[in-house]
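# Reading the structure
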Amino acid sequence: MNLPSDNPLAAFSRGFFSPFRSLGFLRKHPALLRFVVIPFLINLVIFSGVVYLGMAFFNDTVVRMIPGGEAWYWAILTYLVWFLAVLVTSVLVFFVFTLVGNLIASPFNEILSERVEEIVAGQSHEGAFSLRLFFAEARRAVALEFKKIAVFLAGMALLLTLNLIPGLGQILYAVASFLFTLFFLVVEYLGFVLGRKGWSFKEQRRYIFARKGLMLGFGSGVFCLLFIPFVQLLCIPLAVIAATILWCEK
């Protein structure tokens, strides 16, 4: 298996823009849309629910707790709280999308990744759709997704202990949790194609770290997609397409 010949900056750039280029790939292959519609609707429901609950919480609870006043500093405090409200809501959307959204959409992501690989490799899919096979694959995909989520939550919980370090603890936690989140995003979406190859987590980890620039760029691109309004609704299928294409271009 040959390593990419790109220099680190070029590899990072290629990985970063790969989720955005997936839109063009999807446009060229409209037959893939049938595997995107259901995850899109799932994301739409999740996004709407989280934003509604988040805004309701801050309107009904947080804003009422702010002492009122006519002085200029009360206005600044109000705007600051609203800024924090938007920030917290965005973080909640991110975690819900990457955890709950991926869990529910995982069976469709599995099929989408397989079809993308066939297209890039120039293969044709001859098999007829089987509901029994779909549910068998769905059970496997959902079980694997539960394992990924468990590992992610355990890792984040472990990183929380960095806050106990006096002085630099909060900085270390912020950096480590961000890098761990990027790693999780890479494992999450690249795992669909590598899982089909029968790779263990150890083999997947070795493959990812052998391409640090490319994978760091890919994870960063997906992370940015999650914070772009409306585009984030398509983040999951776009990331699945991008990860599969990156694998096929190895």
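About the thresholds
- Here the residue index of a chain counts from 1 through its sequence in written order.
- Restriction of local features to residues with pLDDT of at least 70 applies here, the model being predicted, together with a cutoff of 80 or more for giving and counting side-chain atom pairs; totals for whole chains, interfaces and linings are based on all residues.
- Where side-chain values are given, they derive from all heavy atoms of the structure, hydrogens and water being excluded.
- For Phe, Tyr and Trp, where Trp contributes only its six-membered ring, two rings pair if their centres lie within 6.5 Å, and the inter-plane angle classes them as stacked under 30 degrees, edge-to-face over 60, or tilted in between.
- Secondary structure elements are defined from DSSP: runs of H or I of at least 4 residues count as helices, runs of E of at least 2 residues count as strands, and each element is numbered from the N terminus.
- Any residue under 20% of the maximum accessible area for its type is buried, any over 50% is exposed, and the rest in between are partly exposed; the area is computed with a 1.4 Å probe on protein chains only.
- UniProt positions are given in the numbering used here, feature names are shortened, and annotations may be inferred rather than shown by experiment.
- Helix axes are fitted only over the stretch in contact, all axes being lines through C-alpha atoms; the angle between N-to-C directions runs from 0 to 180 degrees.
- We call a crossing left-handed when the near helix sits turned anticlockwise from the far one by less than a right angle, and right-handed when that turn is clockwise.
- Residues are treated as being in contact if the distance between any of their heavy atoms lies within 4.5 Å.
- Under the convention adopted here, Pro, Cys and the residues Ala, Val, Leu, Ile, Met, Phe, Trp and Tyr are nonpolar, Asp, Glu, Lys and Arg are charged, and Gly plus all remaining residues are polar.
- Grid spacing is 1 Å over the protein atoms alone, the probe is 1.4 Å, and a cavity is where that probe fits but cannot get out, while a pocket is an open set with protein on both sides within 12 Å along at least five of seven lines and lining residues have an atom within 4 Å of a point.
- Grid points are joined across faces, edges and corners, and a volume is the space filled by probe spheres set on the points.

The subject of this paragraph is the packing of aromatic side chains. All told, the structure shown has 12 aromatic pairs when counted by the stated rule. Judged by centre distance (6.4 Å) and plane angle (55 degrees), the ring pair of phenylalanine 17 and phenylalanine 20 falls under tilted. Residue phenylalanine 17 and its partner phenylalanine 20 are both found in helix α1 (residues 8-28); the two are separated by 3 residues, about one turn of the helix. Overall, the relative accessible area of 42% leaves phenylalanine 17 in the partly exposed class. Judged by centre distance (4.3 Å) and plane angle (35 degrees), the rings of phenylalanine 152 and phenylalanine 184 are tilted. In this pair, phenylalanine 152 is assigned in helix α4 (residues 131-159) and phenylalanine 184 in helix α5 (residues 169-196), connecting sequence segments 32 residues apart. Per residue, the accessibility class of phenylalanine 152 equals that of phenylalanine 184, and both read buried. By the ring-pair criterion, three or more aromatic residues cluster together here, those being Phe12, Phe16, Phe17 and Phe20.

Residues given the UniProt feature "transmembrane region" (unreviewed entry) here are residues 31-52, 72-105, 149-165, 171-194 and 214-247. The span residues 31-52 shows a helical share of 86% and a strand share of 0%, and its end C-alpha atoms are spaced 33 Å apart. Helix makes up 65% of residues 149-165 and strand 0%. Its end C-alpha atoms lie 26 Å apart.

One way to put it is that α5 packs onto helix α6 (residues 201-209) with a least axis distance of 11 Å and a crossing angle of 115 degrees. Where α5 crosses over α6, the handedness of that crossing is right-handed. In this structure, α5 contributes Phe183, Val186, Val187, Leu190, Gly191, Leu194 and Gly195 to the contact, and α6 contributes Phe201, Gln204, Arg205, Tyr207, Ile208 and Phe209. Grouping the amino acids of the contact of α5 with α6 by side-chain chemistry returns 9 nonpolar, 3 polar and 1 charged.

A volume near 300 Å³ is recorded for the second largest pocket. Surrounding the second largest pocket, 14 residues form its lining, Lys147, Lys148, Val151, Val187 and Phe201 being those nearest its centre. Those elements that provide at least two residues to the lining of the second largest pocket are α4, α5 and α6. In terms of residues, the lining of the second largest pocket owes the most to one element, α5, which gives 6 residues. Here the residues of the lining of the second largest pocket sort into 9 nonpolar, 3 polar and 2 charged.

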